[in-house]
Amino acid sequence: MKIRQLLAPVLLTSLLVSGCAFNEVPEPQETVEQGGASPTQGGTSHLQFFEEAEVNEVITIIAMAEFSDVTAETTIQETGVFGTQEAIDNCESTVLPFDHPGGSHALAVRLPAELCEYEGGETLPAPYSAGVVENGSFQPFSSTEDFVPEDAPRQTTDMAQNENTAFWIETDSTALSFDNWRVFAADLSDRESRLLARSEDVIPGLFMPAPARLGLTSAGDRTYWNSYSPSPALQQSIEDKSVDPESLTMLDFVPTVYSVGQLGGDLQSEVIGAQDFSVLGEGLTYIATAVLDVTDRTLGSDNQSIERHFSKAIDSRTVSGVERLVQLNPDANGDYFLDQGITNLQVSGSKIAFSSASDIYLVDRNTHQVVQFAGDHLLGDDASVLIPEIVLTDSRISWIVYYNDQDQTKQTIYTSNLSGSDTKSIQVSSSTELLDNGTGLTYWTGGHADYRKVEWKY
């Protein structure tokens with residue numbers, strides 16, 4: 001699960017994370033100042049890809065549901081495992097999936113019955129329980145409460161697994177913009193929990209900013225996640241014991257990817273100045289950030305410019321060095337725009353998918369071909385488009401689009417083969433999380449604790 005969620009009585013609220021020790025940002029060995037993609041109708045002129053790469057195909061995405069392409073939308077509560085908002089309202093514990101429910105060990109979290117009493121505030125009434133669904137039954141991992149006994153009840157914010165082990169992150173924060181973090185693991189065979197790392201290992205006594213998107217990943221013998229690290233100035237203040245927590249801003253921290261051994265051990269800063277990452281083998285692909293003046297063009301912002309961490313490029317780090325794969329350039333006036341930042345990075349084999357502005361891009365690292373899924377120009381001049389989630393598999397790509405239509409916010413889920421020749425969609429009432437493994441079934445949150453599924457006809 002990429003977007004962390006806190007379930008209040010009526011609302012699922014997105015959350016974020018925190019950070020560790022400072023390092024140098026690796027410079028890519030080669031950039032794409034020459035060559036790059038040629039401008040196209042979908043607006044790729046602000047992006048450059050590999051040298052001599054071209055956007056060879058622009059796929060027009062129509063924001064309409066094609067109900068002939070899908071079976072009836074249904075909830076997944078017929079499994080008897082996963083719950084709904086009604087169960088929470090009735091003070092019953094309920095289980096939410098963090099994984100595609102069709103797996104043999106589907107990661108999930110059990111929400112406590114006491115959530116019906118929660119009306120906001122700094123402390124949850126009871127802790128969440130991480131676990132797996134096996135043979136239609138939720139099996140919790142052993143309690144993590146005693147690992148950090150001074151914590152208030154914690155919620156589970158992200159989960160991942162490999163063949164033998166599950167990993168998850170917990171926090172006792174209920175705030176939207178900051179938290180602490182604890183990274184846990186449990187072998188699937190005995191479900192005994194163990195603590196791998198905690199944010200106090202990095203900066204004792206400080207909560208840190210929370211990233212808008214979480215990425216918890218297992219690769220080799222290490223577990224990776226994204227958070228923040230202190231800037232050089234903040235690191236010096238920490239060493240001097242002169243930190244004023246009330247004066248800290250986002251620019252006092254730097255987006256960072258961390259890792260720890262799957263049995264614990266040294267916590268490492270893998271890349272400083274990076275967010276939204278993917279690990280394949282010994283390679284780490286990530287969105288590289290820079291502190292830039294960025295113009296906000298959203299409604300009511302008056303095109304104000306603000307200095308911030310901006311998602312400017314996609315880099316790939318391997319044992320042979322760092323290669324720049326995609327770079328975002330300023331416009332002719334030297335301006336960067338908030339809505340053009342690179343987001344939603346997904347990697348599957350040689351394919352890389354991401355979004356920028358209201359478009360999706362699919363890049364093949366072997367052939368240097370780029371497919372652009374462009375949809376904003378059909379939604380009307382006054383439409384604002386948000387792409388909160390992309391899922392990429394070896395054979396298909398799926399994503400969610402939020403857009404305005406006559407002052408109404410609408411949401412559509414798309415799925416396509418990788419050439420873009422077989423694109424299907426369904427309009428839904430609510431969707432904040434996609435669970436899709438490319439087998440023809442797509443699961444998503446249908447609002448609150450309600451998960452829904454659709455079976456695509458392809």
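Scope of this entry: the structure provided in the associated data block.

About the criteria used
- Residues numbered from 1 in each chain as written.
- Predicted model: local features only at pLDDT ≥ 70, side-chain atom pairs only at ≥ 80, totals over all residues.
- Heavy atoms only, no water.
- Phe/Tyr/Trp six-rings, centres within 6.5 Å; stacked < 30°, edge-to-face > 60°.
- Helix = DSSP H or I, 4+ residues; strand = E, 2+ residues; numbered from the N terminus.
- Buried < 20%, exposed > 50% of the residue type's maximum accessible area, 1.4 Å probe, protein only.
- Polar contact = N/O pair within 3.5 Å; in protein donor to acceptor, adjacent residues only side chain to side chain.
- Contact = heavy atoms within 4.5 Å.
- Pairing = 2+ DSSP bridges.
- Disulfide = S-S within 2.5 Å.
- Axes fitted to C-alpha atoms, helices over the stretch in contact; angles between N-to-C directions.
- Salt bridge = Lys/Arg side-chain N within 4 Å of Asp/Glu carboxyl O.

## Describing the packing of aromatic side chains
In this description, an aromatic ring pair is defined by two values, namely the gap between the centres and the angle between the planes.
Point 1. In the structure shown here, the tally under the stated rule is twelve aromatic pairs.
Point 2. Ring geometry for Phe310 against Tyr336: centres 5.7 Å apart, planes inclined by 65°, an arrangement best described as edge-to-face. Taken together, the residues span a long stretch of sequence, with Phe310 in strand E22 (residues 305–318) and Tyr336 in strand E24 (residues 336–337) at a distance of 26 residues.
Point 3. Its relative accessible area of 2% is what places Phe310 among the buried residues.
Point 4. Residue classification places Tyr336 among the buried residues on the basis of a relative accessible area of 9%.
Point 5. Taken together, the ring pairs connect Phe141, Phe147, Trp168 and Phe184 into an aromatic cluster.

## Topic: unusual backbone geometry
Point 1. Positive phi is not limited to glycine here, since Arg191 has a value of about 60°.
Point 2. Note on placement: Arg191 falls in the loop between strand E13 (182–187) and strand E14 (193–198).
Point 3. Even without being glycine, Asp276 reaches a positive phi, approximately 50°.
Point 4. Locating Asp276 in the fold gives a position in strand E20 (residues 274–280).
Point 5. We classify Asp276 as buried; its relative accessible area is 7%.

## Some words on the side chain of Ser348
Point 1. Note that Ser348 resides in strand E25 (residues 342–348).
Point 2. Of the polar contacts made by the side chain of Ser348, one reaches the side chain of Asp394; its length is 2.5 Å.
Point 3. Setting aside residues no more than four positions away along its own chain, Ser348 makes contact with Leu280, Leu392, Thr393 and Asp394.

## Observations regarding the pairing of strand E17 (residues 222–230)
Point 1. Burial runs high along E17: nine of the nine residues are buried.
Point 2. Two elements, strand E16 (residues 217–219) and E17, share three bridges in a ladder whose sense is antiparallel. Across the sheet, Ser218 pairs through a bridge with Thr223, a residue of E17.
Point 3. In sequence, E16 turns back onto E17 through a hairpin of two residues, with Gly220 there showing a positive phi of about 60°.

## Topic: the side chain of Ser173
Point 1. Relative to the helices and strands, Ser173 is located in the loop between strand E11 (165–171) and strand E12 (178–179).
Point 2. Judged by its relative accessible area of 4%, Ser173 is buried.
Point 3. Within polar-contact distance, the side chain of Ser173 engages the backbone nitrogen of Ala175 at 3.1 Å.

## A short note on the state of the cysteines
Point 1. Tallying each qualifying case throughout the model produces one disulfide.
Point 2. The disulfide partner of Cys91 is Cys116, and the S-S distance across this bridge is 2.0 Å. Classification of the bridge connecting Cys91 and Cys116 rests on its S-S torsion, roughly 95°, and on that basis the disulfide is right-handed. Placement of Cys91 in the loop between helix H1 (85–89) and strand E6 (94–97) and of Cys116 in the loop between strand E7 (106–111) and strand E8 (129–134) is noted, with a sequence separation of 25 residues between them.
Point 3. You can call Cys91 partly exposed: its relative accessible area is 41%.
Point 4. Taking the relative accessible area as the measure of exposure, Cys116 reaches 22% and is therefore partly exposed.

## Quick notes on the pairing of strand E18 (residues 253–261)
Point 1. Most of E18 is tucked away: nine of the nine residues are buried.
Point 2. Here E18 shows a buried face lined by Phe253, Pro255, Val257, Ser259 and Gly261 and a second buried face lined by Val254, Thr256, Tyr258 and Val260.
Point 3. Of the strand pairs in this sheet, E17 and E18 are connected by nine bridges, and their pairing is antiparallel. Residue pairing in the sheet places Tyr228 in a bridge with Pro255 of E18.
Point 4. Inspection of the sheet shows E18 paired to strand E19 (residues 268–272) by four bridges, in the antiparallel sense. Note that in E19 the partner of Val257 across the bridge is Val271.
Point 5. Taken together, E18 and the strand that follows it, E19, pair antiparallel across an intervening segment of six residues, in which Gly264 is found at a positive phi of about 100°.

## Some details on the sheet that holds strand E9 (residues 137–140)
Point 1. With antiparallel pairing, the four strands of this open sheet are ordered in space as E6-E7-E8-E9. Bordering the open sheet on either side are E6 and E9, each of which pairs with just one other strand. Adjacent strand axes in the sheet meet at a mean angle of 40° when their direction is disregarded.
Point 2. Bridging between E7 and E8 involves five bridges; their strand directions are antiparallel. From the neighbouring strand, Ala106 faces E8, where its bridge partner is Val133.

## Brief notes about the environment of Leu338
Point 1. The residue Leu338 is located in the loop between E24 and E25 in this model.
Point 2. The spacing of Leu338 and Arg297 is 41 residues in sequence and 7.1 Å in space, taken between C-alpha atoms.
Point 3. Those residues in contact with Leu338 that sit more than four places away from it in its chain are Val294, Thr295, Asp296, Arg308 and Phe310.

## Re the sheet that holds E18
Point 1. With antiparallel pairing, four strands are arranged side by side in an open sheet as E16-E17-E18-E19. This sheet does not close on itself; its edge strands, each paired only once, are E16 and E19. Taking each pair of neighbouring strands and ignoring which way they run, the sheet shows an average axis angle of 40°.

## A word on the pattern of salt bridges
Point 1. Taken as a whole, this structure holds eleven salt bridges when the rule is applied.
Point 2. Close ionic contact of Arg194 with Asp187 constitutes a salt bridge, the shortest N to O distance being 3.4 Å.
Point 3. Exposure remark for Asp187: the relative accessible area of 26% places this residue in the partly exposed category.
Point 4. For Asp315, the salt bridge goes to Arg324, with nearest N and O atoms at 2.8 Å.
Point 5. You can call Asp315 buried: its relative accessible area is 1%.
Point 6. When salt bridges that share partners are traced, they join Glu150, Asp151, Arg154, Glu170, Arg182, Arg198 and Glu200 into one network.

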